[in-house]
Amino acid sequence: MSEDTKPQRLWLKVAATLWAGIGIAMLVHAIVKPHSSTLYTVFRSGGARWLLSENLYPKVDEYIYSPFAAAFFAPFALLPDRVAGALWRLTAMGVFCAGFAVWVRYARGAAERAGLAWLLLLPLSVGNFFNGQANPLVIGLLMLAVIACRRERWMLGALCVGLATYFKIYPLAVGLLLCVVHPRKFPWRLALALAGMFALSLVLQRPAYVLEQYRNWLHTLGQDPRRTKGYFGTYRDIWLLLRILRVPITLRGWSLLQAASGAALAGWLWLARRRGMAAGHLDFLLLALGTCWMLLFGPATESATYVIIAPPLALACVRWPGTRSLTGAICAYVLLVASQMLSSWGHQHQTPYTHLIQPIATMIFAATLLRSRE
């Protein structure tokens with residue numbers, strides 16, 4: 001073993017030990033306290049209502065996921081909460097880690113610093129595992145989708161994007177960016193995957209009931225009050241920044257800003273592809289900038305949603321050693337960790353101004369990505 005590989009193996013062992021410990025603690029928490037600080041109960045209620053053919057959306061801001069997601073959670077609802085909660089967390093964490101492991105293998109510079117990459121990922125991810133969020137599953141699927149397309153496994157990539165989209169609509173943004181970068185291979189497969197999942201949901205329950213629930217879902221999404229709750233709203237994105245800066249913005253104006261920013265990002269990636277950017281770097285920018293867009297301009301960015309930036313940010317920190325880009329990545333990382341600490345231990349100090357830490361960190365990371373050359 002060379003002297004250079006010894007420290008890397010040590011870091012990897014430390015990371016593996018910490019991740020294993022977190023996984024065990026997560027499962028113990030789910031089994032011992034199945035109803036404490038968890039979002040799983042919301043998912044379970046959707047699965048239980050699906051089995052009973054009940055309205056999935058009795059309240060506007062209770063269950064906001066698709067009927068297909070409710071069908072996904074139906075088998076979990078048949079199990080005891082202790083078992084189902086642990087199984088759900090294990091599923092989300094497993095997909096998240098699988099996606100990151102694949103990127104560590106293929107991303108430039110990541111394999112040589114795998115231990116450091118996994119250690120950097122942990123602080124920004126652990127909270128989502130314990131409270132049973134769907135965000136780790138979503139970003140895990142998107143990571144797998146981008147790599148699947150790189151390896152020309154187009155249908156697998158489309159299925160990953162489709163499943164993520166039926167959990168939370170905004171992952172479709174990464175799917176559309178993949179359509180821009182792979183215009184001949186990916187669009188029709190993505191459309192087929194989305195249509196197939198919709199058709200599958202019609203098979204898993206009475207079609208009339210399912211169609212009614214899709215109508216209810218769309219109505220619920222349109223009535224979600226969190227964007228306009230109070231003066232600042234409750235989301236941590238560009239909307240919050242504009243409100244704090246006293247820039248007038250309406251819901252219609254916000255929709256136009258979302259569309260314009262998304263189109264600008266798609267155009268930027270298309271030009272990068274046309275100019276011959278290396279495929280590996282283009283894929284990384286697609287994932288990372290797509291993640292930044294979802295956080296800054298997506299429909300529902302809360303504190304826990306920022307776990308989706310953790311994988312590309314950790315990868316950026318290990319792929320840019322000794323470069324100017326590393327400074328921006330580290331700055332964004334430190335701000336996000338500080339925000340996590342404030343959310344966990346400084347609830348009494350939370351204000352709209354402290355909520356701005358996360359979008360500012362994301363903007364720093366996005367600017368760094370746009371200026372990067374490799």
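Below is a short write-up of the structure.

Reading the values: the criteria
Residues numbered from 1 in each chain as written. Predicted model: local features only at pLDDT ≥ 70, side-chain atom pairs only at ≥ 80, totals over all residues. Heavy atoms only, no water. Phe/Tyr/Trp six-rings, centres within 6.5 Å; stacked < 30°, edge-to-face > 60°. Helix = DSSP H or I, 4+ residues; strand = E, 2+ residues; numbered from the N terminus. Buried < 20%, exposed > 50% of the residue type's maximum accessible area, 1.4 Å probe, protein only. Expected span 1.5 Å × (residues − 1). Contact = heavy atoms within 4.5 Å. Polar contact = N/O pair within 3.5 Å; in protein donor to acceptor, adjacent residues only side chain to side chain.

A word on the packing of aromatic side chains
- Under the counting rule described, the total for this entry stands at 28 aromatic pairs.
- Seen in terms of ring centroids, Phe96 and Phe129 are 5.5 Å apart; in terms of plane orientation they differ by 75°. Their pairing is edge-to-face. Of this pair, Phe96 sits in helix α4 (residues 81-106) while Phe129 sits in helix α6 (residues 126-130), placing them 33 residues apart in sequence.
- Judged by its relative accessible area of 0%, Phe96 falls in the buried class.
- For Phe129, a relative accessible area of 2% corresponds to the buried category.
- Chaining the aromatic ring pairs together yields one cluster made of Phe43, Tyr57, Tyr63, Tyr65, Phe72, Phe73, Phe76, Trp88 and Phe167.

Observations regarding helix α18 (residues 357-371)
- The first and last C-alpha atoms of α18 sit 21 Å apart over 15 residues, in line with the 21 Å expected at 1.5 Å per residue.
- Along α18, the residues that are buried comprise Gln358, Pro359, Ala361, Thr362, Phe365, Ala366, Thr368 and Leu369.
- In the core, the buried residues of α18 are packed alongside α14 (279-297), α15 (310-319), α16 (324-345) and α17 (352-355).

Side note on the side chain of Thr38
- Tracing the sequence through the fold places Thr38 in the loop between α1 (5-32) and α2 (40-51).
- A residue is classified by how much of its surface remains accessible, and Thr38, at 16% relative accessible area, is buried.
- Looking at Thr38, its side chain comes within polar contact range of the main-chain nitrogen of Tyr40, at 2.9 Å.
- Discounting residues that sit within four places of it in the chain, Thr38 has contacts with Arg89 and Asn131.

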